[in-house]
Amino acid sequence: MKRAMNLAISVACTLYSVLAAGASAADAAAFIKRTADGRPDWGGIWLRQGGIGQDPALKPGQIDRPPLTPEYQAKYDASLAALKAGRPVADPTASCQPPNGIRLMNMVYPMEIFQRPGLVAVFAEWDHQTRRIYTDGRKPARDTERTYLGYSVGRWEGDELVAETTLFKGVMVLNQSGLTLSEDVVMSERWKQTGPDTLTDTITLTDAKALKVPFTFVKTFNRADPGFEIMEYTCVENNRNPILPDGTTGTILKQSTTP
């Protein structure tokens, strides 16, 4: 009788734990709005939190120092030395080339997310670039062209969006200090809503040519206040940092019209 009673108590405790865990998970996700197909609805404008380095936890004056291979560390050191000498190596964005897909996720300016079944689109105010993360099961074909933003495919794992971006093109400069990776870098992301107005993107960069080991950092975005709008961004209209003939970045200062 005692054994049967203990078994009954054990079963009851296990059932309670399962139900409590389920209720806890449901409560935790209660703040997530849903699209018609049941996915988290992240539509709207979001603002990056923290610094503009790849690692937003860096303090002013600090720079990203991922575990680079000797070849790419030498490139980075040369760029840092040129920057210190006052002749920074050309930043592709200085000539109004679009930022690559990794650098875009620094979101120096706001971003707006649009969704429909099979697609999550990330529209950046910076250079008016749009990333399309396909969640309909497609994969890039063999003849898919490389692009600045790369080709992004994703899938939903519960309430998290898992994405992978490949097929980048161009010089993969990630910051103004000249941190550069190779075109073969793979950007893996895990998007997750952690509060009613908070979204995180855990990014891992894998690059056999440029990185000794994968480099991971977390971007955090807060939902913009009602009424906040994306502004027009036109680089060529006010480009003050042209690339000079010697390959360095120049600066055009605004001329005063006051006599």
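The structure we're discussing is the one just above.
What you see is a predicted model, and the numbers here were worked out from it, not measured in a lab. Every residue gets a number counted from 1 within its own chain, in the order that chain's sequence is written. Only residues with pLDDT of 70 or above have their local features reported here, since the model is predicted, and side-chain atom pairs are shown and tallied only from 80 upward, although totals for entire chains, interfaces and linings are computed over all residues. Side-chain descriptors were evaluated using all non-hydrogen atoms of the structure, hydrogens and water having been removed beforehand.

Visitor: So what exactly am I meant to see when it comes to the nonpolar core here?
Guide: Buried together is how nonpolar side chains tend to be arranged in soluble globular proteins. Trp 191 and Leu 205 are the most contacted members of the largest nonpolar core, which totals 37 residues. Note on conventions: DSSP H or I runs of at least 4 residues are helices, E runs of at least 2 residues are strands, and numbering of each starts at the N terminus. Broken down by secondary-structure element, the contributors of at least two residues to this core are α2 (70–84), α3 (101–104), β2 (111–116), β3 (119–124), β6 (160–166), β9 (186–195), β10 (198–206) and β11 (215–223). The set of buried Ala, Val, Leu, Ile, Met, Phe, Trp, Tyr and Cys residues whose side-chain atoms join them within 4.5 Å is what this entry labels a nonpolar core. To sort residues, take the accessible area from a 1.4 Å probe on protein chains only and compare it with the maximum for the residue type: under 20% means buried, over 50% means exposed, and anything in between is partly exposed.

Visitor: Would you explain a nonpolar patch on the surface in this entry?
Guide: Patches here are clusters of residues that have more than 30% relative accessible area and form no salt bridge, with a 9 Å joining cutoff for like charges and a 5 Å cutoff for nonpolar side chains (Val, Leu, Ile, Met, Phe, Trp, Tyr). Surface exposure here means Shrake-Rupley accessible area, sampled with a 1.4 Å probe, where a residue is shielded only by the protein chains that are shown. Only one rule defines a salt bridge in this text: a Lys or Arg side-chain nitrogen within 4 Å of an Asp or Glu carboxyl oxygen. A grouping of Ile 52, Val 108 and Tyr 109 is seen on the molecular surface, where their side chains present a nonpolar patch of about 240 Å² in accessible area. By secondary structure assignment, the location of Tyr 109 is in the loop between α3 and β2.

Visitor: Just to check I follow, could you spell out the environment of Asp 207 for this structure?
Guide: With respect to the helices, strands and loops of the structure, Asp 207 is situated in the loop between β10 and β11. Take Asp 207: its relative accessible area is 4%, and that puts it in the buried class. With 138 residues separating them in the primary sequence, Asp 207 and Thr 69 have C-alpha atoms 9.7 Å apart. Once residues lying within four places of it in the same chain are set aside, the contact partners of Asp 207 are Leu 181, Ser 182 and Val 185. Pairs of residues are marked as contacts when any of their non-hydrogen atoms sit within 4.5 Å.

Visitor: Looking at this structure, I do not really get the state of the cysteines. What am I missing?
Guide: Where two cysteines share a covalent bond between their sulfur atoms, that bond is called a disulfide. Criterion for a disulfide: a pair of cysteine sulfur atoms at a distance within 2.5 Å. Per the counting criterion, the structure on display carries one disulfide. Across the disulfide, Cys 96 is cross-linked to Cys 235 (sulfur-sulfur distance 2.1 Å). Across the S-S bond linking Cys 96 and Cys 235, the dihedral sits near -80°, which makes this disulfide left-handed. Residue Cys 96 is found in the loop between α2 and α3, and its partner Cys 235 is found in the segment after β11; the two are separated by 139 residues along the sequence. Cys 235 shares its class with Cys 96; the two are buried.

Visitor: Help me understand α2 in this model?
Guide: Think of an α-helix as turning once every 3.6 residues; residues three or four places apart then point the same way. Residue count minus one, scaled by 1.5 Å, sets the expected span of a helix. Compared with the 21 Å implied by 1.5 Å per residue over 15 residues, the 21 Å span of α2 between its first and last C-alpha is a close match. Of the positions making up α2, those classed as buried are Tyr 72, Tyr 76, Ser 79, Leu 80 and Ala 82. Each buried residue of α2 lies within a common arc of 160° when the element is viewed along its axis, so the set occupies one face. The exposed set on the far side of α2, more than 90 degrees from its buried face, consists of Pro 70 and Lys 84. At its buried positions, α2 is contacted by β8 (180–181). Following α2 by one or two positions, Gly 86 has its phi on the positive side, about 85°. Comment: arc refers to directions from the helix axis out to C-beta atoms.

Visitor: In this structure, what is going on with the side chain of Thr 165? I would like to understand it.
Guide: Secondary-structure assignment places Thr 165 in strand β6. Since its relative accessible area comes to 0%, Thr 165 is described here as buried. A distance of 3.1 Å separates a polar atom in the side chain of Thr 165 from a polar atom in the side chain of Arg 131. Sequence-distant contacts of Thr 165, defined by excluding residues within four places in its chain, comprise Arg 131, Leu 149, Gly 150, Tyr 151, Ser 152, Val 185, Val 186, Met 187 and Glu 189. Here a polar contact is taken to be a pair of N or O atoms separated by no more than 3.5 Å, where protein atoms must pair a possible hydrogen donor with a possible acceptor and residues adjacent in sequence count only if both atoms sit in side chains.

Visitor: Help me understand the packing of aromatic side chains in this model?
Guide: Given two aromatic rings, their pairing is described by the distance between the two centres and the angle made by the two planes. Working definition: a ring pair exists when centres of Phe, Tyr or Trp rings (six-membered ring for Trp) sit within 6.5 Å. Plane angles under 30 degrees give stacked, over 60 give edge-to-face, the rest tilted. Counted by the stated rule, this structure contains five aromatic pairs. Relative to Tyr 233, the ring of Tyr 109 lies with its centre 5.3 Å away and its plane at 70°, an arrangement referred to as edge-to-face. Residue Tyr 109 is found in the loop between α3 and β2, and its partner Tyr 233 is found in the segment after β11; the two are separated by 124 residues along the sequence. Residue class for Tyr 109 comes out partly exposed when judged on its relative accessible area of 34%. Residue classification places Tyr 233 among the partly exposed positions, given a relative accessible area of 23%. For the cation-ring pair, Lys 75 lies above Tyr 72, with the distance from its terminal atom to the ring centre recorded as 4.2 Å. As a reminder, the over-ring test applies to NZ of lysine and CZ of arginine, requiring each to be within 6 Å of the ring centre and within 35 degrees of the ring normal.

Visitor: Looking at this structure, I do not really get the environment of Thr 202. What am I missing?
Guide: Inspection of the secondary structure puts Thr 202 in strand β10. Thr 202 gets classed as partly exposed once you look at its relative accessible area, which sits at 28%. In this structure, the C-alpha to C-alpha distance between Thr 202 and Ser 188, residues 14 residues apart in sequence, is 8.1 Å.

Visitor: Which parts of the structure should I look at to understand the sheet that holds β11?
Guide: Within a sheet, each strand pairs with its neighbour through backbone hydrogen bonds, oriented either parallel or antiparallel. Note on pairing: two strands pair once DSSP finds at least 2 bridges between them. The strand order β1-β2-β3-β4-β5-β6-β9-β10-β11 describes a closed barrel built from nine strands, whose pairing is mixed. Across this sheet, the average inter-strand angle for adjacent strands is 30°, counted without regard to direction. Note: β6 against β9, five bridges, orientation antiparallel. Note that in β9 the partner of Ala 163 across the bridge is Glu 189. Fitted lines through C-alpha atoms give the axes, limited to the stretch in contact for helices. The angle between two N-to-C directions lies from 0 to 180 degrees.

Visitor: Sorry if this is basic, but what is going on with unusual backbone geometry here?
Guide: Among all residues save glycine, negative phi is the norm, and among peptide bonds the norm is trans. At Met 107, a residue that is not glycine, the phi angle is positive and equals roughly 45°. By the element assignment, Met 107 lies in the loop between α3 and β2. Note on Met 107: relative accessible area 2%, which makes it buried. The backbone of His 128 sits at a positive phi, close to 50°, despite the residue not being glycine. Within the fold, His 128 resides in the loop between β3 and β4 (130–134). A residue is classified by how much of its surface remains accessible, and His 128, at 34% relative accessible area, is partly exposed.

Bear in mind that shape data such as this cannot, by itself, settle questions of function.
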